[in-house]
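Residues per chain, in single letters:
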Amino acid sequence: LNTNCFVVNINGRLILIDTGVGSILAPMVGHLKQNLTAAGISPEDIDTVLLTHIHPDHTNGMINADGTKAFPNAEVVVNYTEYNFWMDETNMSQNADEIEKGNFMLAKAALTPYESSIRTFSNDESEPVHGIKAIEAPGHTPGHTAYLIESNGDKLLIWGDIIHNATLQLLRPDEKVAMDYNPVQAVTTRKRILDLAANERLLVSGMHLDFPGFRHIKKEGNHYVQVLERWKTEL
Ligand SMILES: [Zn+2]
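This write-up is about the structure you can find in this document. Each chain has its residues counted from 1, running along the sequence as written. Thresholds applied to this predicted model are a pLDDT of at least 70 for local features of residues and 80 or more for the giving and counting of side-chain atom pairs; totals over whole chains, interfaces and linings are not thresholded and use all residues. Each side-chain value is derived from all of the structure's non-hydrogen atoms; neither hydrogens nor water enter the calculation.

### A few points about the packing of aromatic side chains
Which entries qualify depends on this criterion: A pair of Phe, Tyr and Trp rings is counted when the ring centres sit within 6.5 Å of each other, with Trp represented by its six-membered ring. The angle between the planes then sorts it: under 30 degrees is stacked, over 60 is edge-to-face, the rest tilted. Relative accessibility thresholds used throughout: buried, under 20% of the residue-type maximum; exposed, over 50%; partly exposed, between the two (1.4 Å probe, protein chains only).
Per the stated rule, a full pass over the model turns up six aromatic pairs. Ring centres of Phe-85 and Trp-86 lie 5.0 Å apart, and the angle between their planes is 85°; this geometry places the pair in the edge-to-face category. By relative accessible area, which is 11% here, Phe-85 ends up buried. The exposure class of Trp-86 is buried, given its relative accessible area of 2%.

Now the structure itself:
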């Protein structure tokens, strides 16, 4: 899987949505910092790191290889249920799966350096960051969240991990991935978010959609098709 991260500029404030995997799978991936530099953004410029959920391919780019903060000036904003699930020692010790245990440890490693600058939001808070609406999307993880951004009448839905394999899961939205915390709920959520995207004709993107990652969704019978957005170098 490739993992996309998004920088949103709202009135000069830079919000980074998810941070990729960082150095744990180097050197193949973990090029966020290089790509930010190429876009003229230094890590110090990021004001907010907003998370769709806590999984190593989304959160371990928050830290450098030595475990220090990769974004020293950023406040971290994450759903309350999501944060508490991953920070709860009981959940980790009760979880027998070795991969899942590793995810708990990686979550701790990524978030602990930011402890004093983490802000959680509840499901009642519709706009956890000014200008960005939260849409509950549980299933893949307990507090998985999609984000809707509106600007000058245009809307973009960043849906996190609603889809891991677009070819397969649009055609067969009931297909689950091994990493789903609650696979049945993940399927229900996937269909609800895909329906929302199709009905509202939203421009969508997600963390595991192929480059350039932007598309529209059309519903056909009981499956979906994607209409790819052309790559644009300028807004
Ligand atoms: Zn993911």
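### Some details on the coordination of the zinc ion
This is how the line gets drawn: Distances up to 2.8 Å from the metal define which N, O and S atoms are donors, and 3.2 Å serves for Na, K and Ca; water is absent from the atom set, so sites may look incomplete. Only runs of H or I of at least four residues qualify as helices and only runs of E of at least two qualify as strands under DSSP, and these elements are numbered from the N terminus.
The coordination sphere of the zinc ion, as far as protein atoms go, consists of Asp-57 (OD), His-58 (NE2), Asp-161 (OD) and His-208 (NE2), spread over 2.1 to 2.2 Å. All donors of the zinc ion come from a single chain, and their spacing in sequence reads D-H-x102-D-x46-H. Residue Asp-57 is located in helix α2 (residues 56-59), and its partner His-208 is located in the loop between β9 (203-205) and β10 (215-220); the two are separated by 151 residues in the primary sequence. We note that Asp-57, like His-208, is buried.

### Examining the nonpolar core
Note the following rule: The term nonpolar core refers to a set of buried residues drawn from Ala, Val, Leu, Ile, Met, Phe, Trp, Tyr and Cys, joined through side-chain atoms within 4.5 Å. Throughout, a residue-residue contact means that at least one pair of heavy atoms, one from each residue, lies within 4.5 Å.
Membership of the largest hydrophobic core comes to 25 residues, with the highest contact counts inside it found for Ile-46, Val-49, Leu-51, Ile-54, Phe-71, Val-76 and Leu-111. For this core, the secondary structure elements donating two or more residues are β2 (13-17), α1 (32-38), β4 (75-79), α3 (80-87) and α5 (98-111). In terms of residue count, α3 provides more of this core than any other element does, four residues in total. Discounting residues that sit within four places of it in the chain, Leu-51 has contacts with Asp-18, His-58, Thr-59, Met-62, Val-76, Val-77, Val-78, Leu-111 and Tyr-147.

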